[in-house]
Amino acid sequence: MSAPGRPGTALVIGEALVDVVIHPGAEPVDIPGGSPANVALGLARLGRDAELDCWIATDPRGRAIRSHLEASGVRLTPGADAAERTSTAQATIGADRAATYVFDLDWNPPYPHRPEGAEAPLLVHTGSIAAILEPGRATVEQVLRDHRETSTICYDPNARPQLMGSPEQAREIVEGLIALTDLVKCSDEDITWLYGADADLESVLRDWLGLGAAVVVVTRGKKGALALTSSGLRLEVPADPDVVVADTVGAGDSFMGGLEDALWSEDLVGADRREALHALDAAALERIVRHAAAIADITVSRAGANPPTRDELP
Ligand SMILES: Nc1ncnc2c1ncn2[C@@H]1O[C@H](COP(=O)(O)OP(=O)(O)O)[C@@H](O)[C@H]1O
Ligand SMILES: O=C(O)C[C@@H](O)[C@H](O)C(=O)COP(=O)(O)O
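Computed from a predicted structure; not experimentally measured.

Draft legend 1. Structural detail: the sheet that holds strand E15 (residues 234-237). Read across the open sheet, the nine strands follow the order E6-E4-E1-E10-E11-E12-E13-E14-E15; overall the sheet is mixed. Strand pairing shows two members of the sheet lacking a second neighbour, strand E6 (75-76) and E15, which therefore form its edges. Lying over the sheet, helix H7 (residues 188-195) contacts strand E12 (183-187) and strand E13 (215-219), oriented at roughly 90° with respect to E12.

Set out below in structure tokens:
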């Protein structure tokens, strides 16, 4: 099934890495991950021309990540090969889902490797690492400014306490990036870390709309998702109560890819569609969020960050 909407590239910036997933009572399993890589994978599986701009080591783990992404059609920006780097970044994800990183600081951006001036209707940034560690923050901000005139910009703040310093520091960076973003997707756990356990989710989402975003969505695990828009809409979409959960790693990333795929199908990508995105109507919002939820429901029903192809959708 071909992907509906205008032609063009979905450019994702951020890290690809190895997730070492530890399920209680089982041997740790290595799976390719990295939030941006997972989103690029999800978009490619849905038939989008997905390009990932990152570093990938040329050691066996790096080669495994590359093959995994390329087998699903993700294009890696030329230059992503980090021949001189022999260790691939790693996130160890325990039963509590808290990630511990082994991350060589040499891995820091500058991304992107993509030539200046190359256009993409959609730009996705979903990397705590690229967004937080200097010079990552400055690079990401520059990329967003460069793409504001051509791309719809989507962002998942992906709170990573080990990497982001204090919530106060992270909030300042996250809000600065949201001011350059059209669609924000964030998990409720990440909002709680950023704004505190007493934070009211809806107020945080409204504040993000006030920073200039057109669509803000919070995912709440088995409680489903809540979306608000600058056009004044509010929508709750439940998770499928009957889904048999195998593994929630990558659920949020697949949801993110689903939102973007649906924006594309609704002809809402490209800076020339920004005004239309700010005028989103209720029916379109419902189609967009339900599409993302359907994708996440499939992803949680199977192991690893393993989002569906378009042919697997109901
Ligand atoms: N336990 C669950 N049961 C059913 N659906 C789930 C479950 N966990 C996640 N999902 C689906 O995946 C989406 C994203 O999950 P969530 O856990 O909130 O994201 P993240 O992986 O970013 O923490 C949810 O909105 C829901 O559609
Ligand atoms: O990118 C990271 O920091 C961790 C990822 O490697 C990991 O796959 C992950 O946490 C996925 O995120 P989710 O979609 O929110 O489960």
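Draft legend 2. Structural view of empty space enclosed by the protein. Counted under the stated rule, the structure contains one cavity of 30 Å³ or more. Pro32, Gly33, Ala37, Asn38, Leu41, Ile65, His68, Leu69 and Ala305 together form the lining of the largest cavity. Every element with two or more residues in the lining of the largest cavity is listed here: strand E3 (29-33), helix H1 (35-45) and helix H2 (60-71). The residue inventory of the lining of the largest cavity, partitioned by class, reads six nonpolar, three polar and no charged.

Draft legend 3. Structural detail: the side chain of serine 187. Structurally, serine 187 is set in strand E12. Excluding residues that lie within four positions of it along the chain, serine 187 makes contacts with Val218 and Thr219.

Draft legend 4. Seen up close, the pattern of salt bridges. All told, the structure shown has 20 salt bridges when counted by the stated rule. Here arginine 6 ties to aspartate 272 by a salt bridge, and the two come within 3.1 Å at their closest N and O atoms. Here aspartate 272 lies in the loop between helix H9 (251-265) and helix H10 (274-278) and arginine 6 lies in the segment before strand E1 (9-13), a separation of 266 residues in the sequence. As a salt-bridge pair, aspartate 261 and arginine 48 come within 2.7 Å of each other at their nearest N and O atoms. Here aspartate 261, found in helix H9, pairs with arginine 48, found in the loop between H1 and strand E4 (49-53); they are 213 residues apart in sequence, far enough to count as distant. Of the two residues, aspartate 261 and arginine 48, neither departs from the other in class, the shared state being buried. Put simply, Glu202, Arg206, Arg220, Arg234 and Glu236 are held in one network by salt bridges that share partners.

Draft legend 5. Molecular detail of the side chain of asparagine 38. Locating asparagine 38 in the fold gives a position in helix H1. Here asparagine 38 falls in the buried class, since its relative accessible area comes to 8%. Excluding its chain neighbours within four sequence positions, the residues that come into contact with asparagine 38 are Pro32, Gly33, Gly250, Asp253 and Ala305.

Draft legend 6. Region of the structure containing the site of ligand 1. In the vicinity of ligand 1, 17 residues are found, and the nearest of them are Thr219, Gly221, Val243, Gly252 and Ala296. Between an oxygen atom of ligand 1 and a main-chain N or O atom of glycine 221, the distance comes to 2.8 Å. A distance of 3.0 Å is found between an oxygen atom of ligand 1 and a backbone nitrogen or oxygen belonging to glycine 252. Protein coverage of the free-state accessible area of ligand 1, which is 550 Å², stands at 87%. At the level of secondary structure, the elements contributing two or more residues to the shell around ligand 1 comprise E12, H9 and helix H11 (282-300).

Draft legend 7. A look at the nonpolar core. By size, the foremost hydrophobic cluster in this structure holds 48 residues, and its most contacted members are Leu52, Leu69, Phe255 and Val289. No other element matches the seven residues that H11 contributes to this core.

Draft legend 8. Structural view of H2. Taking 1.5 Å per residue, twelve residues should reach 16 Å; H2 reaches 16 Å between its end C-alpha atoms and fits that length. Turning to H2, its buried residues are Gly62, Ile65 and Leu69. Each buried residue of H2 lies within a common arc of 60° when the element is viewed along its axis, so the set occupies one face. Residues of H2 that are exposed and point over 90 degrees away from its buried face: Pro60 and Ala71. Packed against the buried residues of H2 are strand E2 (17-21), E3, H1, E4, strand E5 (56-57) and E6.

Draft legend 9. Layout of the environment of proline 241. Checked against the element boundaries, proline 241 lands in the loop between E15 and H9. In this structure proline 241 comes out as exposed when scored by relative accessible area, which is 74%. Distance in space between the C-alpha atoms of proline 241 and aspartate 297 is 9.5 Å, their sequence separation being 56 residues.

Basis of the calculations
- Residues numbered from 1 in each chain as written.
- Chains lettered and ligands numbered in written order.
- Predicted model: local features only at pLDDT ≥ 70, side-chain atom pairs only at ≥ 80, totals over all residues.
- Heavy atoms only, no water.
- Pairing = 2+ DSSP bridges.
- Helix = DSSP H or I, 4+ residues; strand = E, 2+ residues; numbered from the N terminus.
- Contact = heavy atoms within 4.5 Å.
- Axes fitted to C-alpha atoms, helices over the stretch in contact; angles between N-to-C directions.
- 1 Å grid on protein atoms, 1.4 Å probe; cavity = no way out; pocket = protein on both sides within 12 Å on 5 of 7 lines; lining within 4 Å.
- Points joined across faces, edges and corners; volume = space filled by probe spheres on them.
- Nonpolar A, V, L, I, M, F, W, Y, C, P; charged D, E, K, R; others polar.
- Salt bridge = Lys/Arg side-chain N within 4 Å of Asp/Glu carboxyl O.
- Buried < 20%, exposed > 50% of the residue type's maximum accessible area, 1.4 Å probe, protein only.
- Near = heavy atom within 4 Å.
- Polar contact = N/O pair within 3.5 Å; in protein donor to acceptor, adjacent residues only side chain to side chain.
- Areas by Shrake-Rupley, 256 points an atom, 1.4 Å probe, with all protein chains shown as cover.
- Core = buried A, V, L, I, M, F, W, Y, C linked by side-chain atoms within 4.5 Å.
- Expected span 1.5 Å × (residues − 1).
- Arc of directions from axis to C-beta.

Distances and angles like these do not, on their own, reveal function.
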